[in-house]
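Chain by chain, the residues:
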Amino acid sequence: MRRLAILGSTGSIGEQTLAVVGEFPERFSVAALAAGRNVDKLAEQVRQFRPALVSVGTDEGAHALRERLGAEAPEIAVGEAGLLEVATAPADLVVAGLVGAVGLPPTLAAIRAGRDIALANKEVLVMAGALVLREVQRHGVELLPVDSEHSAIFQALAGQRREDLAKIVLTASGGPFRTWSQSEIEEATTAQALAHPNWDMGPKITIDSASLANKGLEVIEARWLFDAPPEAIDVVVHPQSIVHSLVEFVDGSVLAQLGLPDMKIPIALALSHPERLPLDAPRLDLAAVGRLDFETPDTKRFPCLELAFDALRGGEAAPAVFNAANEISVAAFLEDRIGFGAIARTNGAVLAKFLSGSQGQAPLGSVDDVLEVDAWARREARTLLGGSAL
Ligand code: MG
């Protein structure tokens, strides 16, 4: 029986993780759950999975949860301290399913407590890849990718010698604006950006998929997960989302992992590794799919992808800047305060300012260094957005 602690249990990854747990109750138990504001859904999860500990975002949330659950209520923790409690609760595997920078401190705490990590919260590696990997090695824990692309690469690399790896190729669906003109993209609405053609995901990552910022974040994530320099990472647009990524070896041989676009598959693998679970899910029928298309990403229409490579080449701290600026600009877009095109312009302007300054190349020694850079980039992005010149 593998005991799980789930950070972000009411989000897209958390819900799908619990769906897998529900299908295999003899293999997994739920030790602890952390959610933010969705008290109704958390109460349902507590009734079904009986964790000993949960965490919610606020004191009001904790009060509401206690009222809903009465005598059935587990121990309830609150806020950032609550996330840390859930991350370090007695468990075998912590599912890092939060979105954004908020997931960094609890994920690091889980690693330091010796927990294996199923990582969906890519910002953890984007912000602090070098630091996180040092801690992973120091504590001898496993870091299992949940992101479909990284799960594909992880699978393609299994049993291979690292020195034989020549290149990693991440596939990108291209998102809802793949065939749109630059001016159409500029004017895109939130509803249009939220309508992803293949994947059912949370709002932040769906917007990032439309701008290709998500692929940029994934490039940075891959750099750390697979110890690959930026020049050994490529992106190819593949609208069907059947080939989830590829690995090229020094002899020119290429291995890929294929499947229908269903997050349950990589989630289940991260939960059960090195075993595989007999999932009750539709199977890939290649004859029914008919054809698989591939194209070069257009960084003119989707500048966020190139910005991520710039950040990766710009020293240890620059990816955190790109990520923080993007979190602020995407939030502004989701609140209808800026147009879609302003997301990339904001990210680019903040990153350029950082890279031209003196702080650019300094390595990240601690989480505080990371959070300082993160806070700086957020302030810069807010200032730019407030100025409305974008
Ligand atoms: Mg992905």
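For clarity, every value in this text was computed on a predicted model and none was experimentally measured.

Calculation notes
- Residues numbered from 1 in each chain as written.
- Predicted model: local features only at pLDDT ≥ 70, side-chain atom pairs only at ≥ 80, totals over all residues.
- Heavy atoms only, no water.
- Phe/Tyr/Trp six-rings, centres within 6.5 Å; stacked < 30°, edge-to-face > 60°.
- Helix = DSSP H or I, 4+ residues; strand = E, 2+ residues; numbered from the N terminus.
- Buried < 20%, exposed > 50% of the residue type's maximum accessible area, 1.4 Å probe, protein only.
- Domains from an automatic or database assignment.
- Contact = heavy atoms within 4.5 Å.
- Buried area = accessible area lost by both parts, 1.4 Å probe.
- Polar contact = N/O pair within 3.5 Å; in protein donor to acceptor, adjacent residues only side chain to side chain.
- Salt bridge = Lys/Arg side-chain N within 4 Å of Asp/Glu carboxyl O.
- Donors = N, O, S within 2.8 Å, 3.2 Å for Na, K, Ca; no water.

1. Remarks on the packing of aromatic side chains
Right, so step 1: Counted according to the given criterion, the structure contains four aromatic pairs.
Right, so step 2: Measuring from centroid to centroid gives 5.1 Å for Phe177 and Phe340, while their planes differ by 90°, and the two rings are edge-to-face. Highlighted residues: Phe177 in the loop between β8 (165-172) and α8 (182-186) and Phe340 in the loop between α15 (318-334) and α16 (341-356), separated in sequence by 163 residues.
Right, so step 3: Looking at Phe177, the relative accessible area reads 0%, which means it is buried.
Right, so step 4: Take Phe340: its relative accessible area is 5%, and that puts it in the buried class.
Right, so step 5: Both rings, one in Phe354 and one in Trp376, keep their centres 5.6 Å apart while their planes meet at 55°; by these two values the pair is tilted. In this pair, Phe354 sits in helix α16 while Trp376 sits in helix α17 (residues 367-387), placing the two residues 22 residues apart along the sequence.
Right, so step 6: Looking at Phe354, the relative accessible area reads 1%, which means it is buried.

2. Side note on the domain arrangement of the protein chain
The figure often quoted for interface size is the accessible area lost as the parts come together.
Right, so step 1: One can read the domain layout of the protein chain as domain 1 (2-145), domain 2 (147-261 + 273-313) and domain 3 (314-390).
Right, so step 2: Of note, the centres of domain 1 and domain 3, computed from C-alpha atoms alone, are 27 Å apart.
Right, so step 3: With eleven residues of domain 1 in contact, the opposing surface of domain 3 contributes 13 residues.
Right, so step 4: Considering only the side of domain 1, the residues that lose the most area to domain 3 are Val126, Met127 and Leu131, jointly responsible for 49% of the buried surface there.

3. Quick word on the environment of Arg138
Right, so step 1: Here Arg138 is to be found in helix α6 (residues 123-139).
Right, so step 2: Considered as a pair, Arg138 and Arg112 are 26 residues apart in the sequence and their alpha carbons are 8.5 Å apart.
Right, so step 3: Reaching out from Arg138, the side chain makes a polar contact with the side chain of Glu135 at a distance of 2.7 Å.

4. Examining the pattern of salt bridges
Right, so step 1: Taken as a whole and judged by the stated rule, the model has 29 salt bridges.
Right, so step 2: Taking the shortest distance from any N to any O, the salt bridge between Lys215 and Glu149 comes out at 2.7 Å. Within this pair, whereas Lys215 is found in helix α11 (residues 213-225), its partner Glu149 is found in helix α7 (residues 148-157), the two being separated by 66 residues in sequence. Considered together, Lys215 and Glu149 belong to a single accessibility category, that of buried residues.
Right, so step 3: Two residues, Glu306 and Arg313, come together in a salt bridge whose shortest N-O distance is 3.4 Å.
Right, so step 4: We classify Glu306 as partly exposed; its relative accessible area is 34%.

5. Some words on the coordination of the magnesium ion
Right, so step 1: Looking at the magnesium ion, one finds its protein donor set to be Asp147 (OD), Glu149 (OE) and Glu218 (OE), positioned 2.1 to 2.2 Å from the metal centre.
Right, so step 2: Of note, the magnesium ion draws all its donor residues from one chain, in the sequence arrangement D-x1-E-x68-E. Taken together, the residues Glu149 in helix α7 and Glu218 in helix α11 connect sequence positions 69 residues apart. Each of the two residues, Glu149 as well as Glu218, counts as buried.

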